[in-house]
Amino acid sequence: MSGWLAIAGLGPGDEALVTPEVRAALAEATDVVGYIPYVARVAERPGLTLHASDNRVEIDRSRHALDLAASGRKVVVVSSGDPGVFAMAAAVFEALEAGPSVWRALDIRVLPGVTAMLAAAAKVGAPLGHDFCAINLSDNLKPWALIEKRLRLAAEADFAMAFYNPRSKSRPEGFARTLTILQDACGDDRPVIFARAVSTPEESIRIVPLSQCTPEMADMRTMVLVGSSTTRIIARDGAPIVYTPRSVPA
Ligand SMILES: C[S@@+](CC[C@H](N)C(=O)[O-])C[C@H]1O[C@@H](n2cnc3c(N)ncnc32)[C@H](O)[C@@H]1O
């Protein structure tokens, strides 16, 4: 089979954050498959077919990409950020596992990208410099009760936290509940970073004490980072630095 499938991350937005490996795969591809706004980031050229599809059809999109590769096409499935973080890589492997055995012989690679969490953290300093966890706050694919349990346990374990998909128009109440849980569970105040549209022209970064956070500070283009009890702010002229020291005293 001469076809192949690369599942690639386009980074958070800035072209400078697309890796050379992903650029090379896109330059070789015959087909690019993905969610409409991500496919729109790929430049058209002769010999390249773009297949843009709507949200929430990840398994259909994956099957389509696997079929194209099995027919000999050179296919790149694109995600924003990193494809392995709440994105298309797991969806493609769900489709692969449930699909025809011929797909298992395909040349499939996952090409990492700069995930939004790391791009957001870098904007303010090093808030994830010690142990942290990442949680997707969408309850599309898991029950809300599980999200609440993970939030409480992460707070108890004193992790810094990174929240993807914090708040959508269709479920605005989830992030309000998240803030209430954290304001109750974290015994002290701590910095929260609202990093919106990082590395795009609409970028905005706010640092707010947990006690003063309100739900409307986040939307679906926002990454929310919550410090641990050891996260610190270095005040200075200009933007402050937020960081979590590498060590915790015994
Ligand atoms: C479905 S997840 C995809 C994550 C992506 N695979 C990644 O690694 O960044 C979408 C969520 O990622 C976050 N996100 C993606 N790009 C972002 C950006 N440029 N700035 C801030 N948050 C972003 C938002 O929380 C958004 O709701």
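Details of the structure are given in the entry above.
Notes on the structure in this doc start here.

## A short note on the sheet that holds strand β12 (residues 232-234)
If you walk across this open sheet you meet the 3 strands as β6-β13-β12, and the pairing is mixed. The open sheet is flanked by β6 (125-126) and β12, the only strands paired with a single partner. Bridge count between β12 and strand β13 (residues 241-243): 3 bridges; the pairing is antiparallel. Residue Arg 232 lies in a different strand from β13, and its bridge partner there is Tyr 243.

## Quick word on the site of the ligand
Around the ligand, 25 residues are found, and the nearest of them are Pro 12, Gly 81, Ala 87, Thr 115 and Ala 116. Looking at the shell around the ligand, the elements that each hand over two or more residues are α5 (116-124), β9 (191-196) and β11 (222-226). Per-class residue counts for the shell around the ligand are 13 nonpolar, 9 polar and 3 charged. Each of domain 1 (4-114) and domain 2 (117-243) accounts for three or more of the residues forming the shell around the ligand.

## Some words on the nonpolar core
Ranked by internal contacts, the top residues of the largest apolar core, which has 69 residues, are Ile 7, Ala 8, Val 76, Val 77, Ala 120, Met 223 and Leu 225. Examining the composition of this core, we find that 7 residues originate from one element, α5, more than from any other. Here this core spans two domains, and each of domain 1 (4-114) and domain 2 (117-243) adds at least three residues to it. Not counting the four nearest positions on each side in its chain, Ala 8 is found in contact with Val 22, Ala 25, Val 76, Val 77, Val 78, Pro 83, Leu 111 and Gly 113.

The rules behind the values
Residues numbered from 1 in each chain as written. Predicted model: local features only at pLDDT ≥ 70, side-chain atom pairs only at ≥ 80, totals over all residues. Pairing = 2+ DSSP bridges. Helix = DSSP H or I, 4+ residues; strand = E, 2+ residues; numbered from the N terminus. Near = placed C-beta within 6 Å. Nonpolar A, V, L, I, M, F, W, Y, C, P; charged D, E, K, R; others polar. Domains from an automatic or database assignment. Core = buried A, V, L, I, M, F, W, Y, C linked by C-beta atoms within 7 Å. Buried ≥ 20, exposed ≤ 12 C-beta atoms within 10 Å, placed from the backbone. Contact = placed C-beta atoms within 7 Å.

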